[in-house]
Amino acid sequence: LVTVAVIALYVAAWFGTASVLKNQAAQWISTQRQAGLAIEYDEPTLSGFPARVIVVYPAWSVSAPATAGGWTWRTPSLTLWAKPWTPLHLNVDLAGAHTLTDMWTSPDVVGVVSAARADIQATLTMRGQIDAIAVDVSDVKAANGTDGPALLAIDTGALAISGISAGNNTESTQRHLEMDITNIAFPALGQFGVFAPAIKTARVKLDLTGQIAAGPLPTTLATWREAGGTLEVRELVFDWPPLSVSANGTVALNDRLQPVGALSAKFQGFLEAVETMAVHGVVRKGEADIARIALGLMSRAAEGGVPEINLSVTFQDGKLYTGPLKLMDVPEIVWPTIVWPSAIAIP
């Protein structure tokens, strides 16, 4: 009797998780259709018993109206899955090929994006709100047409956002974001002069503090700023040989919703960059010699004896500074009026 009861409970959990998956997908599809998107697919299939609950939407297609760009996205199938014992962890499998039109291509050219792995996991609270999102991709390629050269290639990429639902109506809300991408290449564009053909590493860790309310983006940003919202850059690493940069600091918005902040940055590989620029004829030999002397005076030996330059970088009033020296004017940001969504709840 105990065995039968356990089996019955497990079967009930499996079908309960299946209901959560299908209801969540149906709510999202309904919301997007109300927003003007045309979403089409063949009859969904349910499988995976007993280890997983898998819902597959064959011949998945999404088209935007002409007023929203008229783009389309098609893929042979879209897969949702979850484990029966973790129904609050919903997964979307986007591995495979996707065809896109009118996004970055002309109307007569179809863009193709493929990935050996492309998993999205959403973690829900007990109230059905999305609390965390994790994205994991590998071997990503984007090209014009099925036979065109790759415009973009990424070896691996990971994105994690946590604390999405926590305290939406409080000023103490904190959300954490981490992103790590390796080997970002642009094969169709060839060489980048002084830089290597691939960006070796791009990594960022951010803490977003402050209230984020649903509504048009400018309104949401104004509310966040007035509540004392800040963006703490815990780690920013950018390694594009021969140059590498690491930074951390704080960013906020002024009363015109323009970014202001201060960062502490470290630069390595600048002497090699100057040498490569001279070899490629980007700068003349005399200019390269002067640059090497000036950079050498500014640098100090870091761990391993590698020359390193430490700079304080600030931006305010539409200008970018290093110390008291103005580097450049920063273009004003015009925020789009897209609507920041509220938390998604299970119906």
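Our structure is the block above this text.
A brief look at the structure comes next. Fair warning: this is a prediction, and the values are worked out from it, not measured in the lab.

## Focus on the overall build of the protein chain
Okay, step 1: A tally of regular secondary structure across the protein chain gives four helices and 20 strands.
Okay, step 2: Across its three principal directions, the C-alpha atoms of the protein chain cover 85 × 50 × 50 Å.
Okay, step 3: Counting the 347 residues in the protein chain, one finds 32% classified as buried.
Okay, step 4: Taking the contacts inside the protein chain whose residues are at least 6 apart along the sequence as the reference set, 53% of them involve residues at least 24 apart.
Okay, step 5: For the protein chain, the accessible surface area stands at approximately 19400 Å², while carbon and sulfur atoms represent 63% of it.
Okay, step 6: With 22 positive and 30 negative side-chain charges, the protein chain shows a separation of 3 Å between the mean positions of the two kinds.

## Points about helix α1 (residues 2-34)
Okay, step 1: In this model α1 runs 48 Å from its N-terminal to its C-terminal C-alpha over 33 residues, within 8% of the 48 Å that 1.5 Å per residue would give.
Okay, step 2: Listed as buried for α1 are Trp-14, Thr-17, Ala-18, Val-20, Leu-21, Gln-24, Ala-25, Ile-29 and Gln-32.
Okay, step 3: Those residues of α1 that are buried lie in contact with β1 (38-40), β2 (45-47), β3 (53-63), β4 (72-82), β5 (89-93) and β7 (110-124).
Okay, step 4: Of the residues one or two after α1, Gly-36 is the one with positive phi, at around 110 degrees.

## Structural notes on the packing of aromatic side chains
Okay, step 1: Under the defined criterion, the tally for this structure stands at eight aromatic pairs.
Okay, step 2: Seen in terms of ring centroids, Trp-60 and Trp-73 are 6.2 Å apart; in terms of plane orientation they differ by 65 degrees. Their pairing is edge-to-face. With Trp-60 in strand β3 and Trp-73 in strand β4, the pair connects residues that are 13 residues apart, well separated along the chain.
Okay, step 3: Residue class for Trp-60 comes out buried when judged on its relative accessible area of 2%.
Okay, step 4: For the ring pair Phe-238 and Trp-240, a centre distance of 6.3 Å and an interplane angle of 80 degrees mean the geometry is edge-to-face.
Okay, step 5: Feature note: the residues Tyr-10, Trp-14, Phe-15 and Phe-49 constitute an aromatic cluster, connected by ring pairs.
Okay, step 6: Sitting over the face of the ring of Trp-81, Arg-52 holds its NZ or CZ atom 3.8 Å from the ring centroid.

## Overview of the pattern of salt bridges
Okay, step 1: Using the criterion set out here, one finds eleven salt bridges in the structure.
Okay, step 2: The salt bridge involving Lys-205 is made with Glu-235; its shortest N-O contact spans 3.6 Å. Of the two residues, Lys-205 sits in strand β11 (residues 198-209) while Glu-235 sits in strand β13 (residues 230-240), which places them 30 residues apart along the sequence.
Okay, step 3: Its relative accessible area of 28% is what places Lys-205 among the partly exposed residues.
Okay, step 4: A relative accessible area of 22% places Glu-235 in the partly exposed class.
Okay, step 5: Arg-292 is paired through a salt bridge with Asp-289; the nearest N and O atoms lie 2.3 Å apart. In this pair, Arg-292 and Asp-289 both sit in helix α4 (residues 285-298), three residues apart, roughly one turn of the helix.
Okay, step 6: Among the residues examined, Asp-289 registers a relative accessible area of 26% and is labelled partly exposed.

Criteria and thresholds
- Residues numbered from 1 in each chain as written.
- Predicted model: local features only at pLDDT ≥ 70, side-chain atom pairs only at ≥ 80, totals over all residues.
- Heavy atoms only, no water.
- Helix = DSSP H or I, 4+ residues; strand = E, 2+ residues; numbered from the N terminus.
- Buried < 20%, exposed > 50% of the residue type's maximum accessible area, 1.4 Å probe, protein only.
- Contact = heavy atoms within 4.5 Å.
- Areas by Shrake-Rupley, 256 points an atom, 1.4 Å probe, with all protein chains shown as cover.
- Lys, Arg positive; Asp, Glu negative; His and termini not counted.
- Charge placed at Lys NZ, Arg CZ, Asp CG, Glu CD.
- Expected span 1.5 Å × (residues − 1).
- Phe/Tyr/Trp six-rings, centres within 6.5 Å; stacked < 30°, edge-to-face > 60°.
- Lys NZ or Arg CZ within 6 Å of the ring centre and 35° of its normal.
- Salt bridge = Lys/Arg side-chain N within 4 Å of Asp/Glu carboxyl O.

Purely geometric numbers; function is a separate question.
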